[in-house]
Amino acid sequence: MTRTSLSREEVLAAAGALVRQHGPAALTMRRLAAELGTAVTSIYWHVGNRESLLDALVERTVRELGEIRPRGRTPAARIVSVATALRRELRERPHLIAMVHERGLTERMFLPAQQALVHEVHEAGLRGTAAARVVRAVQFQVVGHVLVERYRERAPAQRPGEDELWHTAPAEDDPALARALARPPDPDRLFAASVRALVDGLLAQPR
């Protein structure tokens, strides 16, 4: 049965889900209409043509990235929370983030997170160049980490892999290190440790 009532937000939510799961190429007006149980003409009525729909999805993504809020009792903890939330948001919507980038809106997308970081860096007592360094370093850490994660996930199977290489490679008389490097990394724990060390080090710089 064809739906008789539909909102623009419902259309955007369904379109966003399609892109997140299958990529922009999977988003056709016919497929979107089928997902929503409505007529193609209804989709056009709410969002216009496909390019207008993609533009609306980009704007929606930018808006969602602006909803990140710091959490924690100290500036350092709140900065880490912003970095963690930003990584999660980037990880959850790679296709949508790519669309934002292609339309030249990447800097605008990151601005709200940067503003949250600026506030917390000021709360920590840093100003000027020192404060800017923290904001940029945290942003680059998040983006770099996400890119490396994506690369590792999409890379072909490695032969030999880390487990084989570190089974025989010298580790400067540190067998525990070799065993640890032979195991698959835990991206969540690695990110948490690295971003916390980065933030603690940067906040300790001279005022």
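What comes next is a walk through the structure. What you see is a predicted model, and the numbers here were worked out from it, not measured in a lab.

Along the backbone of the protein chain there are 11 helices and 0 strands. Element order for the protein chain, N to C, with α for helix and β for strand: α-α-α-α-α-α-α-α-α-α-α. Taken against the 2.2 N^0.38 rule, which gives 17 Å for 207 residues, the C-alpha radius of gyration of the protein chain at 22 Å runs more than 25% over that of a compact globule. Principal axes of the C-alpha set define a box for the protein chain whose edges measure 70 × 50 × 30 Å.

Moving on, we come to unusual backbone geometry. Here the bond from R159 into P160 is cis, since omega is 0 degrees, no more than 30 degrees from zero. Topologically, P160 is positioned in the loop between α8 (128-154) and α9 (162-168). With a phi close to 55 degrees, D173 is a non-glycine residue in the positive phi region. By the secondary structure assignment, D173 is in the loop between α9 and α10 (175-182).

Okay, the environment of T41 next. You can see T41 is positioned in helix α3 (residues 40-47). In the structure, T41 is positioned 11 residues away from R30 in sequence and 9.5 Å away in space, judged by C-alpha atoms.

Time to look at the side chain of H46. You can see H46 is positioned in helix α3. Side-chain polar atoms of H46 contact the backbone oxygen of L6, separated by 2.9 Å. Setting aside residues no more than four positions away along its own chain, H46 makes contact with L6, S7, R8 and V11.

Here we take up the side chain of S81. Secondary-structure assignment places S81 in helix α5 (residues 75-92). Discounting residues that sit within four places of it in the chain, S81 has contacts with R69, P70 and R71.

Scoring rules and cut-offs
Residues numbered from 1 in each chain as written. Predicted model: local features only at pLDDT ≥ 70, side-chain atom pairs only at ≥ 80, totals over all residues. Heavy atoms only, no water. Helix = DSSP H or I, 4+ residues; strand = E, 2+ residues; numbered from the N terminus. Rg over C-alpha atoms; globule rule 2.2 N^0.38 Å. Polar contact = N/O pair within 3.5 Å; in protein donor to acceptor, adjacent residues only side chain to side chain. Contact = heavy atoms within 4.5 Å.

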